[in-house]
Amino acid sequence: MKRTVSVLVALVLLLWPLAPVQAAVEEAVLAGGCFWCLEHDLEKLPGVLSVESGYSGGNLRNPTYRQVSGGGTGHQEVVEVRFDTARISYPTLLRAYWRNVDALDGGGQFCDRGSSYRPVIFTQGETQKQQAEASLKAAARELGKPVSAIRVQIKPLSRFWPAEGYHQDYAERNSVKYNYYRWACGRDRRLDQLWGSKARSSASWVSAP
C-alpha cells in the first residue's frame, strides 16, 4: 500500500504543471531632457515593461513640475524604466538611452535648457554603476570623443518621485502637440547628426580599435 501511494505521489509531481519562472524585473532611472520624449523612446524596446515620468536628483520631497522646471530643487526630469532582464539587459537599455540623448550637452538637452534637463544616469548598486561607466566609455569611443567630452553624469539614485498624471503617456494622449514640440525642439535632427544610422536604436557599439 505504501509503495502504491509513493508511486501515485511521484506521478502527480511529474504531471503537475510547472510553475512559470518569475521574470527578473529591474528598474533604471535615466534623465535625458524632456521626460515625455525619453518615455516615448524607451517604452517601445522589447523587454521594457513600463516607463514612468518623474523627478530625481534633488533633495526636495514630493516635487511638482512647477518647482522642478522653475529651478533650484536639484531635480532632473527623469524616467523610471521597469524591464525584464531575461529579454533586455541593462547595458542594452543604456545603449538605447545614449542614442536618444545629446551626450555632449551638459547644460540641458536640445531646446530645453537648465539643470532640470541635464542628462544623468542614476545607478542602483555597484553592478549598474560599473555597467554605466563602461557604457560611457563606449559612447565616447563611438562619437570619436575623449571621455572628458561626455557630459552625461553618472550618479547614485537617491529616490524616484513620479510626475503628475497629465505627464504620463503624454506622447500618446497628446500626439499632435507632442510631435510638434519634438520637431520644433530639433531633437531628432541633433540625434541623427550625432549618432547617424544608430540614432534612437539599441544597436551594438562600434568595435574597439
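This text gives an overview of the structure that appears in the document. Worth saying up front: this structure is predicted, and the values here are computed from it rather than measured.

1. Observations concerning the pairing of strand S1 (residues 25-31)
Strand direction decides the pairing type here: S1 and strand S3 (residues 76-84), joined by six bridges, are antiparallel. Opposite Glu26, over in S3, you have Phe83 as the bridge partner. Here S1 runs beside strand S6 (residues 120-123); their pairing, made up of three bridges, is antiparallel. From the neighbouring strand, Leu30 faces S6, where its bridge partner is Ile121.

2. Some points on the sheet that holds strand S7 (residues 153-156)
What the six strands build is an open sheet, ordered S7-S6-S1-S3-S2-S8; its pairing is mixed. Both outer strands of the open sheet, S7 and strand S8 (161-162), are each paired with one neighbouring strand and no more. In terms of strand pairing, strand S2 (residues 48-56) meets S3 through eight bridges, oriented antiparallel. Bridge pairing in S3 links Val51 to Val81. Helix H4 (residues 90-98) rests against S1, S2, S3 and S6 of the sheet, and its axis sits at about 160° to S6. Along the sheet, helix H5 (residues 126-143) contacts S1, S6 and S7; its crossing angle with S6, the most-contacted strand, is approximately 155°.

3. Brief notes about the packing of aromatic side chains
One pass over the full model with this rule turns up seven aromatic pairs. Residues Phe35 and Tyr55 carry aromatic rings whose centres are separated by 5.8 Å and whose planes lie at 50° to one another, so their mutual orientation is tilted. Separated by 20 residues along the polypeptide, Phe35 in helix H2 (residues 35-42) and Tyr55 in strand S2 bring together distant segments of the chain. With respect to class, Phe35 is no different from Tyr55; both count as buried. Seen in terms of ring centroids, Tyr97 and Trp98 are 6.0 Å apart; in terms of plane orientation they differ by 70°. Their pairing is edge-to-face. Take Tyr97: its relative accessible area is 0%, and that puts it in the buried class. A residue is classified by how much of its surface remains accessible, and Trp98, at 0% relative accessible area, is buried. Among the aromatic residues, those joined into a cluster by ring pairs are Phe35, Tyr55 and Tyr65. The side chain of Arg99 reaches across the aromatic face of Trp205, ending 4.6 Å from its centre. The cationic tip of Arg159 hangs over the ring face of Trp161; the distance from NZ or CZ to the ring centre is 3.9 Å.

So, how was this worked out
- Residues numbered from 1 in each chain as written.
- Predicted model: local features only at pLDDT ≥ 70, side-chain atom pairs only at ≥ 80, totals over all residues.
- Heavy atoms only, no water.
- Pairing = 2+ DSSP bridges.
- Helix = DSSP H or I, 4+ residues; strand = E, 2+ residues; numbered from the N terminus.
- Contact = heavy atoms within 4.5 Å.
- Axes fitted to C-alpha atoms, helices over the stretch in contact; angles between N-to-C directions.
- Phe/Tyr/Trp six-rings, centres within 6.5 Å; stacked < 30°, edge-to-face > 60°.
- Buried < 20%, exposed > 50% of the residue type's maximum accessible area, 1.4 Å probe, protein only.
- Lys NZ or Arg CZ within 6 Å of the ring centre and 35° of its normal.

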